Amino acid sequence: MKKIIANFKMNFTPSMTKEYLIQLLARYADSDKVKLCLSFPYTSLAIAKFLLDKRKISLGAQNICDEEEGKNTGEINGAMLKDAGVNYVIIGHSERRKKFKEDNKSINHKIKIALKNGLSVILCVGESLADYNTLKTFDVLTEQLEAALKGLYENELENITIAYEPIWAIGTGITPTAAEIDKACKTIRNVIKEDFSQKASENIEIVYGGSVNTKNISKFKNLKYSNGFLVGGACLDLGAFLQIISTIEK
Ligand code: PEP
């Protein structure tokens, strides 16, 4: 079964989310071939939870506070997400690492807090264009993974999906080749093997994200070392998103 994670980013008011989901639920039948996870802005979580009831679609958030308590005006903690019916949370997206200065230590705290509150984690890792051009992808992935997963027990990896998202591919329309994605996913599995075990490296779920669209999905759908996709911009157009899903299902 392939995992398809949609990241709606800062798009859709609650009313727009309602319209989108009514259409999606009418046109998409739950399937054994894909596992759909939809991650909305905080303000759309309540309506999404209501509409997704009794469907086999997971609900995701796009961020979580790196503290459980305290004077964190504007933040949302793990207990709040859990009680809102959220199943998983995206952590370490490159937009948050860059714009909101999230460092590996904060990302590590966020992961621990999410897991403690019964939320699954989508951990985003990926290199910049400069790193890619200077052949540092391996080093960057290793550093990000080791820092983010520090202090975790092997069994906790069952609730973590790694999203390999090269920063230069996000929202640009440019992607690595299928072979490059596979190489990066293999690197991620090797880091997990070194730091945890062979079994953990085989079982960890890895998805690819970065400009996945209707035109390139068929060349990526049979990647050897990855288990699915994280779709950003393309999920905003329901027709395009459904086409991506059906290509993966075939
Ligand atoms: C993302 O934001 O994680 C992403 C993959 O975006 P896009 O598909 O638009 O590149």
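Position numbers for residues start from 1 in each chain and track the written sequence from start to end. Confidence filtering applies because this is a predicted model: local features only for residues at pLDDT of at least 70, side-chain atom pairs given and counted only at 80 or more, and all residues used for totals across whole chains, interfaces and linings. Hydrogen atoms and water are omitted, and side-chain values are computed over all heavy atoms in the structure.

A. Geometry of the site of the ligand. Whether a residue is near a molecule or strand depends on its heavy atoms: it is near if one of them lies within 4 Å of it. In the vicinity of the ligand lie 13 residues, with Lys-9, His-93, Gly-171, Ser-211 and Gly-233 positioned nearest. The backbone of Gly-171 places a nitrogen or oxygen atom 2.7 Å from an oxygen atom of the ligand. Ser-211 places a polar main-chain atom, nitrogen or oxygen, 2.7 Å from an oxygen atom of the ligand. For the accessible areas, the method is Shrake-Rupley and the probe is 1.4 Å, while residue cover comes only from the protein chains on display. In the complex, the protein chains occlude 96% of the 290 Å² of accessible area that the ligand would expose alone. Residues that form the shell around the ligand fall into these classes: three nonpolar, eight polar and two charged. Polar contact criterion, stated in full: a pair of N or O atoms within 3.5 Å, where within protein one must be able to donate a hydrogen and the other to accept it, and residues adjacent in sequence count only if both atoms are side-chain atoms. Polar here means any residue other than Ala, Val, Leu, Ile, Met, Phe, Trp, Tyr, Cys and Pro, which are nonpolar, and Asp, Glu, Lys and Arg, which are charged; Gly is therefore polar.

B. Summary view of the pattern of salt bridges. Any Lys or Arg side-chain nitrogen found within 4 Å of a carboxyl oxygen on Asp or Glu counts as a salt bridge. Under the definition given, this model contains seven salt bridges. We note a salt bridge from Glu-205 to Lys-3, for which the minimum N-O separation is 2.9 Å. Of the two residues, Glu-205 is situated in strand β7 (residues 205-209) and Lys-3 in strand β1 (residues 2-7); the sequence distance between them amounts to 202 residues. Glu-205 sits in the partly exposed class, given a relative accessible area of 26%. For Lys-9, the salt bridge is made with Glu-95, and the minimal N-O distance between the two is 2.8 Å. Counting from the N terminus, the helices are the DSSP runs of H or I reaching at least four residues and the strands are the DSSP runs of E reaching at least two. Only protein chains enter the calculation, and the probe is 1.4 Å; a residue is then buried if its accessible area is under 20% of its type maximum, exposed if over 50%, and partly exposed in between.

C. How the structure looks around the pairing of strand β2 (residues 34-39). Among the six residues in β2, five count as buried, and that is most of the element. Only when DSSP finds a minimum of two bridges between them are two strands counted as paired. The pairing of β1 with β2 spans six bridges and is parallel. Bridged to Ala-6 within β2 is Leu-38. Here, the term right-handed applies to a crossover whose path from the first strand over the helix to the second runs clockwise when the strands point away from the viewer. With helix α1 (residues 14-27) bridging β1 and its parallel neighbour β2, the resulting β-α-β unit is right-handed. Both β2 and strand β3 (residues 57-61) contribute to a ladder of four bridges, which runs parallel. What sits directly across from Leu-36, in β3, is Ile-57. Regarding topology, helix α2 (residues 45-52) serves as the crossover connection from β2 to the parallel β3, and that connection is right-handed.

D. Structural context of the sheet that holds β7. Reading around the circumference, β1-β2-β3-β4-β5-β6-β7-β8 is the order of the eight strands in this closed barrel, with parallel pairing throughout. Averaged over all neighbouring strand pairs, the angle between strand axes comes to 25°, with direction disregarded. A fitted line through C-alpha atoms serves as each axis, taken over the contacting stretch for helices, and the angle formed by two N-to-C directions is quoted from 0 to 180°.

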